[in-house]
Amino acid sequence: MAASLTQQTKECIFKTCLFCNLFHKTIATRSMNIKRSHISATVQKEVQPEWQGVIGLEIHAQIKTLSKLFSGAATIYDANTNTQVAFFDAALPGTLPVLNQKCVQAGVMTALALGCDINLVSKFDRKHYFYADMPAGYQITQYRKPLAVNGRMTYMFQCSHNNKIERRSAQILQIQLEQDSGKSLHDPAVGYSLIDLNRAGIGLMEIVTAPDFTSGDDAASFVKDLRDILIDIGACDGKMAEGSLRVDANISVHRPGEPLGIRSEVKNINSFRNIRLAVDYEIRRQIQLLESGEQVVNETRSFDIQDGETVTMREKEKVLDYRFLPEPNLPPLVIHKDRSSVKSSQNVVVLEEVKSVLKELPDEKRKRLETKYNISLKNSVILVRANLAELFEKLVEHHSCDPAAASSVLRNSYAPFLDKAKLNSTDRPISDDGLAEIINIYGRGEISETSLGILLREKSENIHLSCKEIMDKNNLCILNDELLINAAIDDVCERNPKAVKAYKKGKTNQLEILSTKVKKKLDGKVASGKLYQLVKEKLQK
Amino acid sequence: MKSITLKEAVLQLKKGLTTAQEICIACQQRLHKTNKLNMFVTETTSGELQKQIQSSNKAYIEGAAKPLEGIPIAFKDNFCTKGVRTTCGSKMLQNYIPPYDATMVTKCKQAGGIVMGKTNMDEFAMGSGSLDSCHGPVINPWNLVVSPHIHSELSQNSPAESDDTASLNEPDWYISGGSSGGSAAAVAAGACLAAFGSDTGGSTRNPASYCGVVGFKPTYGLLSRHGLIPLVNSMDVPGILTKTVEDSALVLNSVAGHDILDSTTFTEAYTPFIIKEDLDLSKVHIGIPKEFHAPSLSEEVLMLWRKTADMFEKAGAKVSQVSMPHAQLCIICYHVLCCCEVASNFSRYDGIEFGLRDGSEESTEELYAGSRHKGFNGVVRGRILAGNFFLLKKNYTKFFLKAQKVRRLISNDFRQVFSTGVNLLLTPTTLTDAPLHSWFSKQDNRTRCEEQDIFTTPANMAGVPAMSLPLGLSRQGLPLSLQLIGPHFSESLLLSAAHWLEKDAKFSHLDLDFLEFSDKSFRRA
């Protein structure tokens, strides 16, 4: 009971975020408590809190292979129009599909990464509908017996409003292989529609989730982590802007305990931000409809990026019967458990071999970092996402760095430093020894967070200098003299009497504002924790 | 050059008794003499033909001749030929020029074969009369010898340009059968030494039976379908039409085997099929399926069937009656499955990338509807409509799935029979000898297909090899044929038994050599 209540409260708070995006932006620097109280006020006044969004996703991930799913044509993005088209891709009569085993391999790899049960025998079906950029009049997909089913993926839920991170998981219903379509370019000025078949027939994995998500942030967080996994295992390049990863969201709302509501489908969402915006908009729209006594229509909608709205594409009732037919030109797709059942000449996918090349997945890595080194979830998330986990482990294991100090330096200082210097996580501008020394200096409290950035930069530029030399030269040693610090605090408080007054009236966020001013005055050479403590003491006097 | 067989031609070419030039030109002349039979849709241009002939001549001189070197071969107009129009007998593809060769064409060329041209057929291979073509009907070459009264008419009137010309006022004639009527007629008439047809429900064996040639449908998956414009993918098999069984084996061995472009071809390494001259018939068990005794089977075919069974028995073979209880469901089951795949396969003909585009460009739907309405004949449109109906979500289980189950039962009948020691089945190919055009066109395409294909369709359902071979003449002087069916990949035995039968039957092939001696008409000298 308690657990479900907490869950419900959480969802309420979260959902209400949808209704006051702007408001949240303005209070982003305030403390958590204020946010909460304000939100609940909004909830009581404007919204029935019990509506809950229910979202299921269909993700189309283009498989990163040199050639298409059933033909030898290349898959280069942005190539000249109709230059990557095999006869089969143009559906010329008499051409037949030949399955690209590399695509199967990527599909199996993905299925394993998402914890799916792999169907050792799966089948292809034709899904019929007329569309100018689909030359055969049907798409070859896996409808009745997909490649894989019943998986589960752990992901890091991240709230876009309060940076809250939480480990969640969603059920994967199935993964199927299918063909991408071509592209139609409409020129209303001359009344022409032009067809580019470069994309037609590129391999797609359609990853279908259960309706396990509750909000735009939730759905976007999932896709973000899914994308990381797909890139990590090399199954998809994840370039959403190029359409390599596209998301369809099935969205409905209901009151918990009641049956699921009628859903609408928002098609082809192509960025994390748009996933969040489109889903949240659609939830809001559906709630408004239901609250005003209207019905949600089962329809397909698209997300208008300019207006931030979803708009009707077509009503579901008008959608054609797809008249699925087993693809007669392809034998069943067989995945072999091991080599023993494979004739040497066959070009096939062997489960054991795919498993053996599957690397540690992001969440496995995060979990290991958390339990082995006792670092926080947030730190593990950032280390893994920034691809610094390996470096972290090396520093702790081989250079005896303190895990807490190492994760803090890597996450807060080293990652931004790499970013700023436009370097990759694999670049090593500072030797591991040098980095270990810096972490140890920080761990001993000899340098502030602000000065760390300067030390990292200087060290990378002056390899021959020791850390001590750099710190002396640039005067980076931490300021521990409380007299000096307090003098600076007094000075700042005198100059900002309004802020002090506000704090005393309960506006606790003024603590951070005043501390920042003090820190600036001291050239950042003071430890944040210590500074906050001293400022607080001063204000509470 | 008389009615020479492919095997004889190869021998003579090897011995230097003739040249590729002589053989091809003789065939070309015959083709021109029989132009009125409307067997060819597209003839290889003289320039291209000469190029191929030169290359074959060179190969013989250099001793580098391949198995079909210099042999004129025709292809049904549903095999894609690079740079050569491929119409499928349809307005939809009337101006369609494929950019690639079908694997059968490639393999024939690689084996030294010379492509004579593309042969006429029922539109998209839907038919059993070769009457439903946008190029007009194919006329059975046996008309030239059995009904002399129409020869002069034929020589004066152009063949019909559309399929509704069969008015009773016109001279009547025997049809070629279909849908590979052009290919069967071309081989019978001597316009080529071998031809490719396609066989989905009997489209190679049926016209072979009516035109008095050997029509062979190998095991599904033995010959590549790449570049064969599909009717029903799960049943289509390239068919081989030749004068003799030995010729059939020669062609088969030149084109069989795995093709990476057709994932349904058999992947095992392929070993050539060999005709055993000394076939020990005492080790062969021939089954006579009792269900094939159709009420409408003609007396003459029945007699031939009995006589042939007796011949086998006398030669030491074990002959026994077998039962294939589901064979009678074949036609209706075939109809459902065929329509379903047709509905799907024909979705690509929308006039966008290729084919006829004739409709309002105001909307995509109108453009599709216009092009498809004008491009397809009523038979094709009817099958598309039925197929889409069968595939509707609410009908899928009731029709498609049920038909697939019945197909499995039919297939199991074969398995069952062959597992009891039966090696081959002997059945009729068609109910009668070639029907008259006036009689055939009294009923619609669908009725005729259902009636004409009853003996041939079961082999397509099961994917087993089947061969029709001419064994005698009817009272009217038209060919009568029977069919041998074997288990999957039993081509060697099937060919050997057929060869034995053929030797015994001494069928007298159509001889049109008189045409070359008479410039005035088709009349026998």
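On a predicted model such as this, the values are computed, not experimentally measured, just so you know.

Rules behind the numbers
- Residues numbered from 1 in each chain as written.
- Chains lettered and ligands numbered in written order.
- Predicted model: local features only at pLDDT ≥ 70, side-chain atom pairs only at ≥ 80, totals over all residues.
- Heavy atoms only, no water.
- Phe/Tyr/Trp six-rings, centres within 6.5 Å; stacked < 30°, edge-to-face > 60°.
- Helix = DSSP H or I, 4+ residues; strand = E, 2+ residues; numbered from the N terminus.
- Buried < 20%, exposed > 50% of the residue type's maximum accessible area, 1.4 Å probe, protein only.
- Pairing = 2+ DSSP bridges.
- Axes fitted to C-alpha atoms, helices over the stretch in contact; angles between N-to-C directions.
- Contact = heavy atoms within 4.5 Å.
- Buried area = accessible area lost by both parts, 1.4 Å probe.
- Salt bridge = Lys/Arg side-chain N within 4 Å of Asp/Glu carboxyl O.
- Polar contact = N/O pair within 3.5 Å; in protein donor to acceptor, adjacent residues only side chain to side chain.
- UniProt positions renumbered as here; feature names shortened; annotations may be inferred.
- Patch = residues over 30% accessible without salt bridge, like charges linked within 9 Å, V, L, I, M, F, W, Y side chains within 5 Å.
- Areas by Shrake-Rupley, 256 points an atom, 1.4 Å probe, with all protein chains shown as cover.
- Lys, Arg positive; Asp, Glu negative; His and termini not counted.
- Charge placed at Lys NZ, Arg CZ, Asp CG, Glu CD.
- Core = buried A, V, L, I, M, F, W, Y, C linked by side-chain atoms within 4.5 Å.
- Disulfide = S-S within 2.5 Å.

Visitor: Which residues make up the packing of aromatic side chains, and what values go with them?
Guide: Residues and elements named next belong to chain B. Following the criterion strictly, the structure yields 34 aromatic pairs over all chains and no others. Pairing phenylalanine 79 with phenylalanine 196 gives two aromatic rings, centres 6.0 Å apart and planes at 70°, and the pair type is edge-to-face. Taken together, the positions of phenylalanine 79 in the loop between strand E2 (72–76) and helix H4 (103–110) and phenylalanine 196 in strand E4 (residues 194–199) put the pair 117 residues apart, joining distant regions of the chain. Exposure remark for phenylalanine 79: the relative accessible area of 0% places this residue in the buried category. Aromatic rings pair up to connect Tyr96, Phe124, Phe346, Tyr349, Phe354 and Phe376 into one cluster.

Visitor: Describe the sheet that holds strand E3 (residues 114–119) of chain B, and please don't skip the residues or the numbers.
Guide: All names here are of chain B. Strand order in this open sheet of eleven strands is E1-E3-E2-E4-E6-E5-E10-E11-E9-E7-E8, and the pairing throughout is mixed. A strand with exactly one partner marks an edge of an open sheet, and here the two such strands are strand E1 (40–43) and strand E8 (318–322). In this sheet, neighbouring strand axes are inclined to one another by 30° on average, regardless of whether the strands run parallel or antiparallel. One ladder, built from four bridges, connects strand E9 (residues 424–428) with strand E11 (residues 479–485); its direction is antiparallel.

Visitor: I'd like a description of the pairing of strand E6 (residues 148–158) of chain A, backed by residues and values.
Guide: Residues and elements named next belong to chain A. Here two bridges tie strand E2 (residues 117–118) to E6, and the two strands are oriented antiparallel to one another. Counterpart to aspartate 117 in the pairing with E6 is valine 149. Here E6 pairs with strand E7 (residues 165–179) via ten bridges, running antiparallel. Looking at E7, one finds that phenylalanine 157 is bridged to glutamate 166. Counted along the chain from E6 to the antiparallel partner E7, the turn is six residues long, and its residue asparagine 163 has a positive phi close to 60°.

Visitor: Report on the interface of chain B and chain A, specifying residues and quantitative values.
Guide: Taken residue by residue, the interface counts 39 residues in chain B and 33 residues in chain A. Summed over both sides, the interface between chain B and chain A buries roughly 2900 Å², with carbon and sulfur atoms accounting for 57% of that surface. Linking chain B to chain A there are zero salt bridges. Joining chain B to chain A, the criterion identifies 16 residue pairs in polar contact (both at pLDDT 80 or more). Put simply, the parts of the chain that give the side of chain B that touches chain A at least two residues each are helix H11 (330–345), helix H12 (364–375) and helix H13 (378–391) of chain B.

Visitor: So what's going on with the UniProt feature "domain: Amidase" (unreviewed entry) in chain B? Which residues, and what values?
Guide: All names here are of chain B. According to UniProt, the positions carrying the feature "domain: Amidase" (unreviewed entry) are residues 26–144 and 174–495. With 29% helix and 13% strand, residues 26–144 has its two end C-alpha atoms placed 18 Å apart. Annotation note: span residues 174–495, helix share 41%, strand share 14%, distance between end C-alpha atoms 29 Å.

Visitor: Tell me about unusual backbone geometry, and name the residues and values.
Guide: In this structure, serine 179 of chain B follows glycine 178 of chain B across a cis peptide bond, with omega equal to 10°. The topology assignment puts serine 179 of chain B in the loop between helix H6 (151–156) and helix H7 (181–189). One non-glycine residue, asparagine 150 of chain A, adopts positive backbone phi at about 55°. With respect to the helices and strands, the residue asparagine 150 of chain A is situated in strand E6. Its relative accessible area of 41% is what places asparagine 150 of chain A among the partly exposed residues.

Visitor: For the side chain of aspartate 413 of chain B, give the residues involved together with the corresponding values.
Guide: Looking at where aspartate 413 of chain B falls in the secondary structure, it is placed in helix H14 (residues 397–419). If sequence neighbours within four positions are ignored, aspartate 413 of chain B has contacts with Met324, Pro325, His326 and Ala327 of chain B.

Visitor: Describe in detail a nonpolar patch on the surface, supporting the description with residues and values.
Guide: Judged by side-chain polarity, Leu185, Val190, Tyr192 and Leu194 of chain A come together as a nonpolar surface patch covering roughly 420 Å² of accessible area. Its location among the elements puts leucine 194 of chain A in strand E9 (residues 192–196).

Visitor: Requested: an account of a positive patch on the surface, with residues and values cited.
Guide: A grouping of Lys123 and Lys145 of chain A together with Arg408 and Arg415 of chain B is seen on the molecular surface, where their side chains present a positively charged patch. The residue lysine 123 of chain A is located in the loop between strand E3 (121–122) and strand E4 (125–128) in this model.

Visitor: I'd like a description of the UniProt feature "active site" (unreviewed entry) in chain B, backed by residues and values.
Guide: Residue and element names in this part refer to chain B. UniProt's entry tags Lys76, Ser179 and Ser203 with the feature "active site" (unreviewed entry), counted in the numbering of this structure. Separation in sequence by 128 residues is not matched in space for these annotated residues, since their most distant C-alpha atoms are only 10.9 Å apart. Its place among the elements puts lysine 76 in strand E2. Judged by relative accessible area, which is 0%, lysine 76 ranks as buried. Setting aside its immediate chain neighbours within four residues, serine 179 contacts Lys76, Asn120, Met121, Asp122, Ala125, Met126, Gly127, Ser128, Ser130 and Ser203.

Visitor: So what's going on with the nonpolar core? Residues and values would help.
Guide: Residues Phe124, Phe196 and Phe312 of chain B are the most contacted members of the largest nonpolar core, which totals 170 residues. The element that contributes the greatest number of residues to this core is H11 of chain B, accounting for nine residues. Excluding residues that lie within four positions of it along the chain, phenylalanine 124 of chain B makes contacts with Cys88, Ser90, Met92, Leu93, Ile229, Leu231, Phe346, Tyr349, Phe376 and Val380 of chain B. Core analysis: the next-biggest nonpolar cluster, separate from the first, contains 70 residues, Val253, Leu330, Leu333 and Leu351 of chain A among them.

Visitor: If you had to explain helix H9 (residues 377–385) of chain A to someone new, which residues and values would you point to?
Guide: All names here are of chain A. Taken together, the buried positions of H9 are Asn379, Ser380, Val381, Leu383 and Val384. Among the structural elements, E6, E7, helix H8 (362–373), helix H10 (389–399) and helix H11 (403–420) are those in contact with the buried residues of H9. Of the residues one or two after H9, asparagine 387 is the one with positive phi, at around 60°.

Visitor: Can you break down the environment of lysine 51 of chain B residue by residue, with the values?
Guide: Mapping lysine 51 of chain B onto the fold places it in helix H3 (residues 46–61). Each C-alpha atom of the pair lysine 51 of chain B and alanine 111 of chain B lies 16 Å from the other, and the pair is 60 residues apart in sequence.

Visitor: Pulling in residues and values, what's your account of the state of the cysteines?
Guide: According to the stated counting rule, one finds zero disulfides over all chains in the structure shown. Of all cysteine sulfurs, the one in cysteine 88 of chain B lies closest to cysteine 134 of chain B, which takes part in no disulfide; the gap is 9.8 Å.

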